[in-house]
Amino acid sequence: MSTTEWTRRTFFKNAAAAGIAAAAGPALLQASRAAADTQGAGTFEKIALTNVRVFDGRGLTDPRTVVIDNGRIGFSPLGAKTIDAKGATLLPGLIDAHVHLEDVGTLEQLTGYGVTTALDMACWPPSLVNSLRHRTGLTDIRSAGIPAAAPGSVESRLPGFPQSELVTGPDQAQRFVTARVAEGSDYIKLIVDIPGLDQATLDALAAAAHAYGKLVMAHATSSAAVDEALLAGADMIHHVPLDTALTTATAARYLSGKRVSVPTLTMMEGFAALGIPGLSYAAARDSVGILHQAGVRILAGTDSNHKQGIPVQPAFGTSLHHELELLVQAGLGTVEALRAATILPAQSFGLPDRGVISTGYRADLVLVDGDPTADIRATRNIQRIWAGGIEYSPAA
Ligand SMILES: [Zn+2]
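In this text, all values refer to a predicted model and were calculated from it rather than measured experimentally.

Draft legend 1. The arrangement of the coordination of the zinc ion in detail. On the protein side, the zinc ion has His98 (NE2), His100 (NE2) and Asp303 (OD) as donor atoms, found 2.1 to 2.2 Å from it. Donor residues for the zinc ion, ordered by position in the chain, follow H-x1-H-x202-D. Judged by its relative accessible area of 0%, histidine 98 falls in the buried class.

Draft legend 2. Expanded view of the sheet that holds strand β12 (residues 260-262). The strand order across the open sheet formed by four strands is β9-β10-β11-β12, and the pairing between neighbours is parallel. In this open sheet, the two edge strands, each paired with only one partner strand, are β9 (188-191) and β12. Within the sheet, the average angular offset between the axes of one strand and its neighbour, ignoring direction, is 25°. The pairing of β9 with strand β10 (residues 216-219) spans four bridges and is classified as parallel. If you follow lysine 189 over to β10, its bridge partner there is methionine 217. Each of β9 and β10 touches helix α6 (residues 199-211); the most contacted strand, β9, lies at about 175° to it.

Draft legend 3. Expanded view of the sheet that holds strand β8 (residues 140-143). With parallel pairing, the three strands of this open sheet are ordered in space as β6-β7-β8. One side of each edge strand has no neighbouring strand; the edge strands of this open sheet are β6 (94-99) and β8. Averaged over all neighbouring strand pairs, the angle between strand axes comes to 15°, with direction disregarded. Two elements, β6 and strand β7 (residues 115-120), share four bridges in a ladder whose sense is parallel. Directly across from aspartate 96, in β7, lies its bridge partner alanine 118.

Draft legend 4. Expanded view of helix α7 (residues 223-232). All of the buried residues in α7 are Ser223, Ala225, Val226, Ala229, Leu230 and Ala232. A positive backbone phi angle near 90° is found at glycine 233, which sits one or two residues after α7.

Draft legend 5. A look at empty space enclosed by the protein. Tallied over the full model, the rule gives two cavities of 30 Å³ or more. In terms of lining residues, the largest cavity is bounded by Pro126, Val129, Asn130, Arg133, Ser143, Ala144, Gly145, Ile146, Glu183, Gly184 and Ser185. Sort the elements by how many residues they give to the lining of the largest cavity and helix α4 (residues 126-131) lands first, with three residues. The residue inventory of the lining of the largest cavity, partitioned by class, reads four nonpolar, five polar and two charged. Its volume calculated, the second largest cavity comes out at about 40 Å³. Lining the second largest cavity are Pro92, Gly93, Ile95, Thr116, Thr117, Arg354, Gly355, Val356, Arg362 and Asp364.

Draft legend 6. Spatial organisation of unusual backbone geometry. In this model, tryptophan 124 is joined to proline 125 through a cis peptide bond whose omega is -5°. Note on placement: proline 125 falls in the loop between β7 and α4. Here the phi dihedral of asparagine 70 falls at roughly 55°; this positive angle occurs in a residue that is not glycine. Among the residues examined, asparagine 70 registers a relative accessible area of 55% and is labelled exposed.

Calculation criteria
- Throughout, a residue's number is its position along its own chain's written sequence, starting from 1.
- Under the rules for a predicted model, residues below a pLDDT of 70 receive no local features and side-chain atom pairs below 80 are neither given nor counted, while totals for whole chains, interfaces and linings still include all residues.
- For side-chain calculations, the full set of non-hydrogen atoms in the structure is used, while hydrogens and water are omitted.
- Sodium, potassium and calcium take a 3.2 Å donor cutoff, other metals 2.8 Å, and in both cases only N, O and S atoms count; water is not among them, so sites may look incomplete.
- Whether a residue is buried, partly exposed or exposed follows from its accessible area with a 1.4 Å probe, protein chains only, as a fraction of its type maximum: under 20%, in between, or over 50%, in that order.
- Only strands joined by at least two bridges in the DSSP assignment are considered to pair.
- Each helix corresponds to a stretch of at least 4 residues labelled H or I by DSSP, and each strand to a stretch of at least 2 residues labelled E; elements are numbered beginning at the N terminus.
- What counts as an axis is a line fitted to C-alpha atoms, over the stretch in contact for a helix, and the angles between N-to-C directions run from 0 to 180 degrees.
- Only heavy atoms matter for contacts: two residues are in contact if any of them lie within 4.5 Å across the pair.
- Lining residues are those with an atom within 4 Å of a point, where the points come from a 1 Å grid over the protein atoms alone and group into cavities, where a 1.4 Å probe fits but cannot get out, or pockets, open sets with protein on both sides within 12 Å along at least five of seven lines.
- Grid points are joined across faces, edges and corners, and a volume is the space filled by probe spheres set on the points.
- Charged residues are taken to be Asp, Glu, Lys and Arg, nonpolar residues to be Ala, Val, Leu, Ile, Met, Phe, Trp, Tyr, Cys and Pro, and polar residues to be all remaining types, Gly included.

Structure below.
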């Protein structure tokens, strides 16, 4: 056996044993609890936020006035209550491109850290996902719902995973995708490793998803899995390899196929810290640097989860601020990191009403002290938050 093959086998075995977070599936009990909870308590109030420097996707503007009116960025301050921001920085509400929702408490945590949009990458049952949608005044979500996973995968052993939805071959692809679309999945998630679906099955699932106009998300935490995901035509590849850094040739394949990377460095850092042989955070960090240098689009995602059986559980909301810091350490500029959590995920996920602060857009806003384009850690200094135009108290 070659060294590479040994590393690959050891990686899969160890990753499977440790249970890399491919998903977080909540219990039915939590679903009913979430449904019983009240929605965000705030109300729409017309606000004129004066003397505020706005992050416009390139840098900070001179101080200006931003109007919040009936859930949107308004035009006229007439009749608004004035709040003097005293030169603080206004960011578009942050977007976490990889979470696993659990209950309404996870939404509240996200909102309290300025994460006003969360893109869930596997959550079940569908009734729970639906109970978390459209919660006025809280984080707005999209979800993959049930992911495509192989029998024997880590995913399949997570509590409550619907065994009837496991995918055993390419002939099941159409049925699987049709069922997810009927349930309301916003995109289709494929588990490529730990161990995962074979190439023919991945290809068939991706083709079926694309035929429905759905984006394809791939979970891939090794170099071999990334190759399979690229071959299958996945639109976004989540995680970066922990075994060896991506090569420039692989980065060029991302770029030519317009594939997007969601590295989840927070999760990769946590996994590498477990001390599993063959896994290194340096491989993950270097992969981000190589992808970034090649010009590949990178989105901020954390893999936040509360899943029993998953040894690394990044905290909802606060971990996105850590992810921004890790992305900067991996080579992104501060403006690029901020874009990775605002305009870029909005574009990549087809959410045209958010990601920038402009008239008519959702009033998803985070007011912070200091200048995060000078020091990315300033995103943590949250003064005020609006989710869909409703103010929410920052977490302590
Ligand atoms: Zn995940």
